[in-house]
Each structure stands twice: as C-alpha cells, then as structure tokens.
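Report on the structure
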Amino acid sequence: MRGYAGKILEVDLSTGNIKEIRIEEEILRQYIGGRGLAAKILWDRLGDRWEEIDPLGPENLLLALTGPLTGFAPGGRICISGKSPQSNGMIGSTIGGEFPVELKCAGYDGIIFTGAAEKPVYLLIKDSDVEIKDASHIWGKGARETVLTLVREARREFESRSRSRGLWKEPSMIYIGPAGERLCRVAAVTSKWAHAAGYGGYGAVMGSKKLKAVLVKGTGPLPDVFNPEGTLEYADKIVKATLKLDFFRRWGTGAAGYTVGAELSAEPVLNWQEEWHDEKSFGVDKFETFWVKRFWGDFGCAITCLKLAVIDSGPFKGAITDNPDYENQAYLGTNLGIFKPEGNIYLTALADELGFCGIQVGNLLAFAAELYQRGILTKDDLEGIELEWGNTKAFADLLRMIAERRGIGDILAEGTYRAALKISRLKSVDATAYAVTSKGIAIGAHGMRSGKDYPHYVSYSCSVQGGDHTSVAYIPLEHGSSELRAILYDSGVLCWFNFFSPEAQEHLWGLLEAVTGWKITPEEWLNVIARRILHIQRAMLLLGGPDLKWNPKVHDDVPRRWYEPLTKGPHSGKALDKSKMQEAVKEYYRVVGWDENGVPASEELKRLELDSVDKKLEQIRQSLK
Amino acid sequence: MSQPGLPWIFRDYQRCSGCRRCEIVCSLSHEGKIWPEASRVRVFMLVPGIEIPHLCAQCYDYPCVEACPVGALSTSKETGAVLVDREKCIACGRCIDACPGKVPYIHPRDNYAVICDLCGGDPKCVKACSEGGWNALQLVRGFVGYNSKLYAKTPEAITKELAKKLYGEELAEVI
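What counts and how
- Residues numbered from 1 in each chain as written.
- Chains lettered and ligands numbered in written order.
- Predicted model: local features only at pLDDT ≥ 70, side-chain atom pairs only at ≥ 80, totals over all residues.
- Helix = DSSP H or I, 4+ residues; strand = E, 2+ residues; numbered from the N terminus.
- Rg over C-alpha atoms; globule rule 2.2 N^0.38 Å.
- Buried ≥ 20, exposed ≤ 12 C-beta atoms within 10 Å, placed from the backbone.
- Contact = placed C-beta atoms within 7 Å.
- Core = buried A, V, L, I, M, F, W, Y, C linked by C-beta atoms within 7 Å.
- Domains from an automatic or database assignment.
- Pairing = 2+ DSSP bridges.
- Axes fitted to C-alpha atoms, helices over the stretch in contact; angles between N-to-C directions.
- Nonpolar A, V, L, I, M, F, W, Y, C, P; charged D, E, K, R; others polar.
- Parallel < 35°, antiparallel > 145°, perpendicular 65-115°, else oblique.
- Left-handed = near helix turned anticlockwise from the far one by under 90°.

Along the backbone of chain A there are 23 helices and 17 strands. Its C-alpha atoms give chain A a radius of gyration of 23 Å, near enough to 25 Å, the size a compact globule of 625 residues would have. C-alpha atoms of chain A, sized along the principal axes, occupy 60 × 60 × 50 Å. When each of the 625 residues of chain A is scored for burial, the buried share is 62%. Restricting the contact set of chain A to residue pairs at least 6 apart, pairs at least 24 apart contribute 71%.

Below you can see the structure in the form of structure tokens.
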C-alpha cells in the first residue's frame, strides 16, 4: 500500500476511547480516499438504518479523510463528510490547508469521530500522541480568538514536552465558529481565516459532537510512494502546467465577479431575481486595491489563487479575508444587492469569523431579504432590522442573529430550504418559491438561464451533492465538469484549481499510478470506481430522513425561480424549459445507470457488487411505484 | 568570516504565499522525501496570512558555530553557509540558544541540528519560489556582512512586524 499512511484514527467522543483502524488495500483500491472512502465507511456503518440517523445526533459520524495524492499533488486538501444535516444524504466537502499533510505526516490517513462529547473539547494530535482536551475556554469564540489561542497553547505544550529541540512550528487545525456550535445547518468546518468545507453543513455536525477544533502536528515524512521518481516527475509536470495559468493565478476566481455577472449573466443578484449586473465596482481592478498579498495558497499549491484582502480604515476596518473568491463576491455581494467591494469583504470576513459557509449563508440572507421585500417578513420579525437590498449593516446584524439563533435567526439557522418550510407554515404563504436550493443545499453562484455559464440542464437537478457547484451532474459523463470527475478530485484528495489546465489533468492518471502503484484508467474510473461512489451517495440521498425525504419526481429539478424569465441584461427573456428539464433528467438516469424513477438500477448495483445498497433501495423502489 | 560576493537568501515575507513549495524541494533534496518538519527552511504560520519562511541568515559572527561545544559546526568557504557534521553533533541545542533567530532545530528523527547549507550555493528553495513568481526568497550576492544578521529573528518577532504592516497596529496588538 503506497501513498497512504496506512492507519485511520477513530475517536469516540462519548467514551473518550481512541483507536487506530486499518483499511484493506482492496477497499482502498476501490474507494481511493476522501469522498469515496467516506461513502464506503458511512454505508457500512450507517447504511442499514440511514433514514433513522439524525445528522445532528451522536449516531452520526464526522469524517475527515485524506487521499493517496494528498501532499503529492499541488494544493493540500482534506474531505469532510458524514450524514449531511442539509441534504440528509452524504456530501464530500473539501477544505484546503496543511491539516491533511500534517495528518499524513503524523501517520494517519484520516479521522473518524463517533459519538458526542458532554462538554466542549478539542483534539490535539502530535504523531501518535492523541489527546482529547477541554475546550470550554474557547467555546463561543469566533475564528480569530480560537485560532490564536489554540496555536499558542499547542506550541507551548509541544515546547514543554521536548525542550532544547528548537522552535515548534504551529500545528495545523480545523475548527468551528459559534454558528457550528449552535448547530446552524449553514455552518462550515473552517481553517485559517477564510478556508471552509462549506457544502453539507458539517460545522453543525462538529458542533453537535461538541468538538471545537482538531489540531495536528506530524513530524514524520509523507508516506512512501510506489515510484518516487515517477511521482516527482508527474508532480512537476502538473505544477509547470498550472503555473502557465497566468490569468487565474493573478486574479483567482474573483475575476469571475465581473465576468459571470456582466458578461455571462449567470450571477445571483437579489436572490436570483436577476442574474445580470454591469457593476464595474466588482471588477478585478477594484478588489485589488484591498489586497495585501497577491498570492496566497496552501501546501504545495502552484495556483495560489487566494488573495489576502484587508480593510484598514472606515466603518469596515479590521476585516480580513480571502480575495473574496467568486462565490463569496456573488453570495455576500451581488445577491444581497451589495456592489461595493468594502461591504462584500466585510460580510465575507464576518461570515468567516462566525463560522458560516459563505454560499449557504449568503443564499439564506438573500432569501430573507426577498421575504422582506415582499412583506412576508417585517421589521418586527427581524427585531427592527431594515433588511433592504444593499444594506451591509443590516445583513451583518442578521448574520449575528442567525449565529446566535436569536429570534427569527433560530428559524433561519435551519438553512434556506427548511426555513422556507417553517416560514410557509408560520405566515401561511409559499415561501419555498424563493428558496434557491437543490436537495436542501443552496446552489452555487453559477446560474443556468442565460445558458452561457458551465452548468448543464441536469447539473443541479441530478447531482448527488444537490446545489454544490463543484460537483455537478453532466451529460456526457466523461465531460470535464462531470460529477464523476469531481469524485476523483474529492477522493484523491486534490485541489480542483491546480488541475484546471487540460495538461495537468492528463498527468493525473500517471501521478495516481506512480503514488499508489495501481493502474487505474479513465475508463475504469468512469464506469466502475466513480459510479460505485456515486450510486452509494444517491442511495443515501434517496433514503434521506429523518426530517426530510426527497422524491425524484418532485425534487430532481431546479428551483422554481429558474423557470421564470430573466428580466434584465443581454439575456433578458430567457428561462429554463420544464419539458427540456424532464427529458434531460430521464436521459441522465439512463446514462448513469438509474431506473426510470431515478433509483440506481438493480443490475447496475449488482454489476458493481453493491448488493447491500441494492437490497436497501428496494423500499424506495416500492414507494415510487 | 563573511565576505562580499557570497550567496545569500534574501527574504521578502510579505510575498510569501504560504505554498511551502520551498519546504517540499528542500526536504526532497536533503532527505529524499517530502518532509516539512525536516526542511532547512520552515514556513511558520503563527497567524494565518502571515507566513514566515524561517532559515539561517549566515550571521557575520556565526554565534552558533562559536557556541558548539563539540566543534560540529563549521562554515563553508565557498558559500558562507553553516555546515553541520552529523557525526559530531550531539543535539545539545546550544546552537539554537545562541542563534538570535532561534533558527536551527533538532532533526525530527535523527539526533543532529538542522541548518540551511545553501545547497552548495544554488538553493533549491529559491528556484521553486522564483519559478512560481512569488519571489519571497531570492538569491542575492554581496549583501552579506553585518546586515544579514538583522534577519536572524524569531518567527514571533517577524510575525509581529509583518502583522502591523498587513493587518494594522490594533490587530497586531491582539496577536
């Protein structure tokens, strides 16, 4: 077994028991790591009772898994998973940083958390020394204080354990903010200032386990690989190919803030009431003036597409965040009617500080603002907040209310879709009409109505990760944007942006073989490995529960809003076509191996030796007849 | 000891992207593996966004060499780098105490002090850093002398200074 540390740490937070488990090579060959391995572990442990498991209860698992390519491919990432409190299925949610590399250097490919602690705790790993520690002093604290306090504490401890060895570098960490502690379903697992595993709502899962943070310092080397020379050769080719992407490197995804809005007309504006703007203030040249670092990245990264933005004066002084990247520019900017970079940077930094996913919470804020626009939510409902489009301070106040679950914040903390259901009952209106989500997950900031951006008709309607714009369904399946390709990145575990160039993508298979020694062809990936992982995720999504279940006939669709025509911009008048959607969905079912009701077909599951999945799905097949 | 014309690694901390490609190439070159904790240049991130590549500054008076009780440290005539004799080194840590920047550290597996050897005058970390256009580490010549020692600072001290510049006085206070 090459490329892997060979052990996974399993921490039972209820009992405090810590053990090491090993996964057989045969299983790793089939599921690789990250998202794929998470699907396997979750299915084996929770599959037979999936629909009964409360994602925010102690029975759920929280997984943090690396893959064999983590550390060897540019840009360190780790995949966070478990049963999702957003979709009730499983999301592979990746986050950048040195954490996965430290973990592998400490001798672990990942961590499985089971149970729930009684009091707030954090986990401190130094190689094979693993300790559950009290976190009551940082419970309730935001990102800044949490990071600074824990780095200081851990370094002090390392230095006291081994004097005269020299200075200790800080351990790397993942953590949650107040939003996760209060089980907001839009909370992220975060790292550094601006890094987040946002899709899935795993900040809330971590909070439900009373786990504030995980810190790791690994003093060993990365694991041995099958072919060291080949590994370096392929890694070098990938880095060189990535370094050629001048434009992407220079401006990061933030450049899309003007492109997707003004040019492609696919950016959310005012809760997707529009998808076009011509605000030049959202051009790259305007954000640049706030950057104190032009290139910011994580372990081994070649693209370094993050930019460090700081506001040093005015009402938003003290805000520190990334870029903001495109998604945050859209969701905490244009979608809220905010077209000033300062306001956008400030809200992004505040969402980071409180531990929110910028996409999920930005979608939620805009949903609330549209309800306010329509008089469904009033000033009284909002404790006096005048939630007008473009009012940065009002949105900041509402962010805090959600993080504290105060007043209406308690309902909104359930995420856009669930809040829409609750508010519909409360106000006797159909608020779900304004929820731009798929399977309980806010849709990434890439619209479909203009037809100019990358999503395909089935991208969000058929994705096993709902609205996740990084894992979209696509026909043909082998398309570069296909979910089957995303599964490779999320299982590898790789940074998608370091594989943006086709040249880098070509070398990926060579790197995989050099690291692991396994010859995996693109065909095997597409027809066997990725398909297996996809079907398990689809099974979990269809089983759902306990609070919500998805019916493919109803929910394999996009939000209603997208069937309404655009009213502004060069693509004014365009909308999605319902019958085209239905046709595309049927076609996707067929090509991916699902039956006419969208359930993974029995013969397909048998072909892939997923008999237990097949058996379990019989109940879904019956219910859809 | 130190003389004009010798290679020196200039460090521009604000330009450091935190990519740690310097750690990768350094550990590959010296250890044959990707091993961040055994890299001769270590990127400290005591505060996110403030990444500090920490490595030997080749002080003109080499206090580490002076402090070594067993004569394990010497300096290279060609490059001015501090060379560690692994056989002689007893990992006592006195070179660390003597270093104004606390740069040396004890190898995580073997018992000897780790110090940058400038790759014999053609440092890999500088190549990796310039290849990516980051240029946080740059090779300069003729800079060494009394100036270089000013760069022998602890990561804590450098972090504080840079935090003031990037994040402002108030926030730097908290840090």
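Next, the rest of the story.
Here the focus is the nonpolar core. Residues and elements named next belong to chain A. Membership of the largest hydrophobic core comes to 276 residues, with the highest contact counts inside it found for Y122, V189, L215, A368, L398 and L511. With eleven residues, the single largest contributor to this core is helix α19 (residues 522-543). Each of domain 1 (8-217) and domain 2 (245-442) contributes no fewer than three residues to this core. Ignoring any residue separated from it by four or fewer positions in sequence, one finds L215 in contact with Y122, L124, I125, L150, A154, P171 and M173.

Once that is clear, we can look at the sheet that holds strand β14 (residues 306-310) of chain A. All names here are of chain A. Taken together, three strands build an open sheet; the order of strands is β13-β14-β15 and the sheet is antiparallel. Only two strands of the sheet have a single partner each, and these edge strands are β13 (291-296) and β15 (320-322). Each strand of the sheet is rotated relative to its neighbour by a mean of 15°, with strand direction disregarded. As paired elements, β14 and β15 share three bridges and run antiparallel to each other. Bridged to A309 within β15 is T321. Running at roughly 95° to β15, helix α12 (residues 341-354) makes contact with β14 and β15 of the sheet.

A word on the interface of chain A and chain B. Each side of the interface is counted separately: chain A has 34 residues, and chain B has 36 residues. Elements that contribute at least two residues to the side of chain A that touches chain B include exactly α3 (99-105), α4 (143-161), β13 and β14 of chain A. For the side of chain A that touches chain B, the per-class residue count stands at 19 nonpolar, eight polar and seven charged.

A separate point is the sheet that holds strand β5 (residues 93-96) of chain A. Residues and elements named next belong to chain A. Taken in spatial order, the six strands make up an open sheet running β2-β1-β6-β3-β4-β5, and their pairing is mixed. A strand with exactly one partner marks an edge of an open sheet, and here the two such strands are β2 (18-21) and β5. Taken over all neighbouring pairs, the strand axes of this sheet differ in orientation by 20° on average, direction set aside. Contacting β3 (62-65), β4 (77-81) and β6 (110-114), helix α2 (residues 34-46) runs over the sheet at an angle of about 25° to β4.

To continue, consider the domain arrangement of chain A. All names here are of chain A. Taken domain by domain, chain A holds domain 1 (8-217) and domain 2 (245-442). Once you take the C-alpha centre of each, domain 1 and domain 2 turn out to be 26 Å apart. Counting residues at the interface gives 32 residues for domain 1 and 32 residues for domain 2. Contributions of two or more residues to the side of domain 1 that touches domain 2 are made by α4 and α5 (178-181). Ranked by residues supplied to the side of domain 1 that touches domain 2, first place goes to α5 with three residues. Along the lines of polarity and charge, the residues of the side of domain 1 that touches domain 2 split into 14 nonpolar, 14 polar and four charged.

The next subject is the packing of helix α13 (residues 358-373) of chain A against helix α14 (residues 392-404) of chain A. Residue and element names in this part refer to chain A. α14 packs onto α13 with a crossing angle of 115° between their chain directions and a minimal axis gap of 11 Å. In terms of axis orientation, α13 runs roughly perpendicular to α14. As α13 packs across α14, the resulting crossing turns out to be right-handed. Between α13 and α14, the residues in contact are V361, L365 and A368 and F395, L398, L399 and I402, respectively. In the contact of α13 with α14, the residues fall into seven nonpolar, no polar and no charged.

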